[in-house]
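Coordinate inspection notes
Chain by chain, the residues run as shown.
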Amino acid sequence: MLSRFSTAALAATLSLAASAALAGAGDYAFDPVNPQMKKGEDVTLAVRLTNKQTGKPVPDAVVFKTRVDMAPDGMAEMESPVAPLPSKEPGVYAFKTDLPMAGRYQITLSAKVQGEPETVIGKVIVTATK
Ligand SMILES: [Cu+2]
């Protein structure tokens, strides 16, 4: 039978295990390099992937799915084509896309990070200006 103390210790152990399991994809954040940019065709959109625990950029991630649309302004159906561009800086991932009208665009990214079994999913918002 468990004493009150060992029950507490067990609970603590279980919650540690749970947070260790959760410490994964949520440890990474995508942020726009330029949160605001001019609208246009064939614009370069760059996002930075950071490890929130260390504050360091995360290089060599494989971004395998990217979607750009105007969901933040109620135009989720307004999707732009996206093509990857070579990275100029470790931890920065660049894409060629179209921002045809002024307003807010959401970039949804799915990435595989070295040593992280979970898929890292990021949503980044940039504003296109006239
Ligand atoms: Cu639109």
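First, a word on scope: everything that follows refers to the structure included in this document. In this text, all values refer to a predicted model and were calculated from it rather than measured experimentally.

1. Examining the side chain of Thr97
In this structure, Thr97 sits in strand β8 (residues 92-99). Here Thr97 falls in the buried class, since its relative accessible area comes to 2%. Once residues within four sequence positions are removed from consideration, Thr97 is found in contact with Glu41, Asp42, Val43, Leu45, Val68, Ser80, Pro81 and Val82.

2. Overview of the pattern of salt bridges
On inspection of all chains with the given rule, the structure shows four salt bridges. Glu79 is the partner of Arg67 in a salt bridge, and the nearest nitrogen-oxygen pair spans 2.9 Å. With Arg67 in strand β5 (residues 62-70) and Glu79 in strand β6 (residues 75-80), this residue pair connects regions lying twelve residues apart in the sequence. Residue Arg67 is classed as partly exposed on the basis of its relative accessible area, which comes to 30%. One continuous salt-bridge network, built from bridges that share partners, spans Arg67, Asp69 and Glu79.

3. Here we look at the layout of surface pockets
In this structure, the largest pocket occupies an estimated 150 Å³ of space. Around the largest pocket, the lining residues are Val63, Thr66, Val82, Ala83, Pro84, Leu85, Pro86, Ser87, Tyr93, Ala94 and Phe95. Of all elements in the fold, only β5, β7 (82-85) and β8 reach the threshold of two or more residues within the lining of the largest pocket. It is β7 that provides the largest number of residues to the lining of the largest pocket, a total of four residues. A per-class count over the lining of the largest pocket returns nine nonpolar, two polar and no charged.

4. Some points on the coordination of the copper ion
Around the copper ion, the protein contributes the donor atoms Met70 (SD), Met75 (SD), Met78 (SD) and Met101 (SD), at 2.3 to 2.5 Å from the metal centre. Angles of 101 to 128 degrees at the metal separate the four donor atoms of the copper ion, which places the site in the tetrahedral class. Ordering the donors of the copper ion by residue number gives the pattern M-x4-M-x2-M-x22-M. Here Met70, found in strand β5, pairs with Met101, found in the loop between β8 and β9 (103-112); they are 31 residues apart in sequence, far enough to count as distant. Using a relative accessible area of 0% as the deciding quantity, one classes Met70 as buried. For Met101, a relative accessible area of 31% puts it in the partly exposed group.

Conventions used here
Residues numbered from 1 in each chain as written. Predicted model: local features only at pLDDT ≥ 70, side-chain atom pairs only at ≥ 80, totals over all residues. Heavy atoms only, no water. Helix = DSSP H or I, 4+ residues; strand = E, 2+ residues; numbered from the N terminus. Buried < 20%, exposed > 50% of the residue type's maximum accessible area, 1.4 Å probe, protein only. Contact = heavy atoms within 4.5 Å. Salt bridge = Lys/Arg side-chain N within 4 Å of Asp/Glu carboxyl O. 1 Å grid on protein atoms, 1.4 Å probe; cavity = no way out; pocket = protein on both sides within 12 Å on 5 of 7 lines; lining within 4 Å. Points joined across faces, edges and corners; volume = space filled by probe spheres on them. Nonpolar A, V, L, I, M, F, W, Y, C, P; charged D, E, K, R; others polar. Donors = N, O, S within 2.8 Å, 3.2 Å for Na, K, Ca; no water. Tetrahedral: all angles 85-135°; square planar, octahedral: opposite > 155°, others 65-115°.

Without other data, these values stay purely geometric and don't point to any function.
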